Amino acid sequence: MVVQLPPEASDLPDPARIREWVHAALAGVPEEAQAGEVVVRAEDGEAMAELNASFRGKAGPTNVLSFPADLPPGPWESMLGDLVICPEVVAREAAEQGKPLQAHWAHMVVHGTLHLLGYDHMAPDEAEEMEALEREIMAQLGFRDPYAEE
């Protein structure tokens, strides 16, 4: 797993914690998926807004984007994909929602990793399944329910 964080940022989680959160999200899937490679990268609001516009057709930065690998067979076929996280948005949301910053980071990493595994939340039944799994993983990591009302 590769974690790419800007060296000058002081309020970002330790890369070891990010790896722990990804591994926790992968723990409930078949072993071949657990061995998959994930790249986690932090991008500023401007870069994230460009990615969000290009790949989702939505304006402005978002908290996390998942890019599942869709590669032909080869030595790279164990690649699960990339997570791109915007620290500015994650920090703002954590403050607005009254959540500890580390907890919201963990949730975004878990949420994005589940997207890499094919989970989605577009339909109500899909959202229910994905959110239940997120709650379970977050509890195993020692965090509160990310969807609980304050």
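Treat the numbers as computed from the prediction; the structure is a model and nothing was measured.

(A) Inspection of the side chain of Glu 93 at higher detail. As for its position among the elements, Glu 93 is in helix H4 (residues 87-97). Buried within the structure, Glu 93 lacks any salt-bridge partner; its nearest side chain of opposite charge belongs to Arg 92, at an N-O separation of 4.8 Å. Once residues lying within four places of it in the same chain are set aside, the contact partners of Glu 93 are Asn 63, His 104 and Met 108.

(B) Layout of the sheet that holds strand S3 (residues 64-68). The strand order across the open sheet built from four strands is S1-S2-S4-S3, with neighbouring strands paired in mixed fashion. Strands at the two margins of the open sheet, each flanked by one partner only, are strand S1 (2-4) and S3. Geometrically, the sheet is characterised by an average inter-axis angle of 10° between neighbouring strands, direction not taken into account. Where strand S2 (residues 37-42) meets strand S4 (residues 79-85), six bridges bridge the pair, whose relative direction is parallel. Paired with Arg 41 across the two strands is Val 84, which belongs to S4. Here helix H3 (residues 45-56) sits on the sheet and contacts S2, S3 and S4; the angle it forms with S3, its principal contact strand, is near 50°.

(C) Inspection of the pattern of salt bridges at higher detail. Inspection of every chain in the model, using the stated rule, returns four salt bridges. For the salt bridge of Glu 20 with Arg 17, the shortest nitrogen-to-oxygen distance reads 3.5 Å. Of this pair, Glu 20 and Arg 17 both sit in helix H1 (residues 15-26), three residues apart, which is roughly one turn of that helix. Accessibility expressed as a relative area gives 35% for Glu 20, which makes it partly exposed. Between Arg 92 and Glu 96 there is a salt bridge, with its nearest N and O atoms 3.4 Å apart. Remark: Glu 96 and Arg 92 occur in helix H4; sequence separation between them is four residues, near one turn of the helix.

(D) Representation of the environment of Glu 149 within the structure. Inspection of the secondary structure puts Glu 149 in the segment after helix H6 (124-140). Its relative accessible area of 74% is what places Glu 149 among the exposed residues. When the C-alpha positions of Glu 149 and Pro 6 are compared, they lie 32 Å apart, and in sequence the two are 143 residues distant.

(E) Structural context of the packing of aromatic side chains. Enumeration over the complete set of coordinates arrives at two aromatic pairs. Judged by centre distance (6.3 Å) and plane angle (70°), the ring pair of Trp 21 and Phe 143 falls under edge-to-face. Taken as a pair, Trp 21 in helix H1 and Phe 143 in the segment after H6 lie far apart in primary sequence, 122 residues in all. Assigned by exposure class, Trp 21 and Phe 143 land together as buried.

(F) How the structure looks around a negative patch on the surface. A grouping of Asp 44, Glu 46, Glu 50 and Glu 88 is seen on the molecular surface, where their side chains present a negatively charged patch. Counting through the fold element by element, Glu 88 comes out in helix H4.

(G) Structural view of the packing of helix H5 (residues 101-116) against H6. Orientation of H5 relative to H6, taken along the N-to-C sense of each, is 130°, at an axis distance of 10 Å. Comparing the axis directions of H5 and H6 gives the class oblique. Where H5 crosses over H6, the two elements pack in a sense that is right-handed. Side by side, H5 and H6 meet where Ala 103, Ala 106, His 107, Val 110, His 111, Leu 114 and His 115 of the first sit next to Met 130, Leu 133, Glu 134, Ile 137 and Met 138 of the second.

Rules used throughout
- Residues numbered from 1 in each chain as written.
- Predicted model: local features only at pLDDT ≥ 70, side-chain atom pairs only at ≥ 80, totals over all residues.
- Heavy atoms only, no water.
- Helix = DSSP H or I, 4+ residues; strand = E, 2+ residues; numbered from the N terminus.
- Buried < 20%, exposed > 50% of the residue type's maximum accessible area, 1.4 Å probe, protein only.
- Lys, Arg positive; Asp, Glu negative; His and termini not counted.
- Salt bridge = Lys/Arg side-chain N within 4 Å of Asp/Glu carboxyl O.
- Contact = heavy atoms within 4.5 Å.
- Pairing = 2+ DSSP bridges.
- Axes fitted to C-alpha atoms, helices over the stretch in contact; angles between N-to-C directions.
- Phe/Tyr/Trp six-rings, centres within 6.5 Å; stacked < 30°, edge-to-face > 60°.
- Patch = residues over 30% accessible without salt bridge, like charges linked within 9 Å, V, L, I, M, F, W, Y side chains within 5 Å.
- Areas by Shrake-Rupley, 256 points an atom, 1.4 Å probe, with all protein chains shown as cover.
- Charge placed at Lys NZ, Arg CZ, Asp CG, Glu CD.
- Parallel < 35°, antiparallel > 145°, perpendicular 65-115°, else oblique.
- Left-handed = near helix turned anticlockwise from the far one by under 90°.

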